[in-house]
Amino acid sequence: MTSSERQAGRRSSAFGKVDLLTALEHEFGHALGMDHPDGDPHSVMHETLSLSTRRIPTAADIMAADEYYASLGDGGSLLRRRW
């Protein structure tokens, strides 16, 4: 487990289950055009997820989303956009 992951304890109702938030973040990444990364097993976009594990987007996940957004052609960037 790393700083980008949280593990449910045995007494938690989340223990032994797939984390829905992580699964939705992963699938949303695919909807944005992101693929499974090479070499980062802690990425939200990694192809496998252990039961009882919540993944928090890593810096690499955020940069990949920003690169995708910038590739849309308007020169934008999620990291530099003022909402």
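Each value, and the rule that gives it
- Residues numbered from 1 in each chain as written.
- Predicted model: local features only at pLDDT ≥ 70, side-chain atom pairs only at ≥ 80, totals over all residues.
- Heavy atoms only, no water.
- Helix = DSSP H or I, 4+ residues; strand = E, 2+ residues; numbered from the N terminus.
- Contact = heavy atoms within 4.5 Å.
- Expected span 1.5 Å × (residues − 1).
- Buried < 20%, exposed > 50% of the residue type's maximum accessible area, 1.4 Å probe, protein only.
- Arc of directions from axis to C-beta.
- pLDDT = per-residue confidence, 0-100.
- Salt bridge = Lys/Arg side-chain N within 4 Å of Asp/Glu carboxyl O.

Novice: Explain the side chain of S52 to me, please; I cannot follow it from the model alone.
Specialist: Counting through the fold element by element, S52 comes out in the loop between α1 (20-31) and β2 (53-55). Apart from residues lying up to four places away in sequence, S52 is in contact with R6, Q7, A8, A14, F15, G16 and K17.

Novice: Help me understand α1 in this model?
Specialist: Turn by turn, an α-helix covers 3.6 residues, leaving residues three or four places apart pointing in a common direction. The end-to-end C-alpha separation of α1 is 16 Å, in line with the 16 Å expected for 12 residues at 1.5 Å each. Taken as a whole, α1 has its buried residues at T22, H26 and G29. Down the axis of α1, the buried side of the element spans an arc of 60°, and every buried residue falls inside it. For α1, exposure combined with an orientation more than 90 degrees from the buried face picks out L20, L24, F28 and A31. Each element contacted by the buried residues of α1 is listed here: β2. Looking one or two residues past α1, G33 carries a phi angle of roughly 100°, positive in sign.

Novice: How should I be thinking about the confidence of the model for the protein chain in this particular structure?
Specialist: Where the model shows low pLDDT, its predicted coordinates should not be examined in detail. With 86% of its residues at a pLDDT of 70 or more, the protein chain shows a mean pLDDT of 84. When pLDDT is averaged over each element of the protein chain, β2 comes out on top at 96 and helix α2 (residues 59-70) at the bottom at 82.

Novice: When you look at the environment of L21 in this model, what are you seeing that I'm missing?
Specialist: With respect to the helices and strands, the residue L21 is situated in helix α1. The sequence separation of L21 and R55 amounts to 34 residues, and the corresponding C-alpha distance is 8.5 Å.

Novice: Help me understand the pattern of salt bridges in this model?
Specialist: Pairing of side chains with opposite charge becomes possible as their charged atoms draw close. Tallying each qualifying case throughout the model produces two salt bridges. The closest approach of N and O atoms between E5 and R55, which form a salt bridge, is 3.1 Å. Placement of the pair is E5 in strand β1 (residues 5-7) and R55 in strand β2, with a sequence separation of 50 residues. Accessibility assignment for this pair places E5 and R55 in one class, buried. D19 serves as the salt-bridge partner of R54, at 2.8 Å between the closest nitrogen and oxygen. One end of the pair, R54, is in strand β2; the other, D19, is in the loop between β1 and α1, with 35 residues separating them in the sequence.

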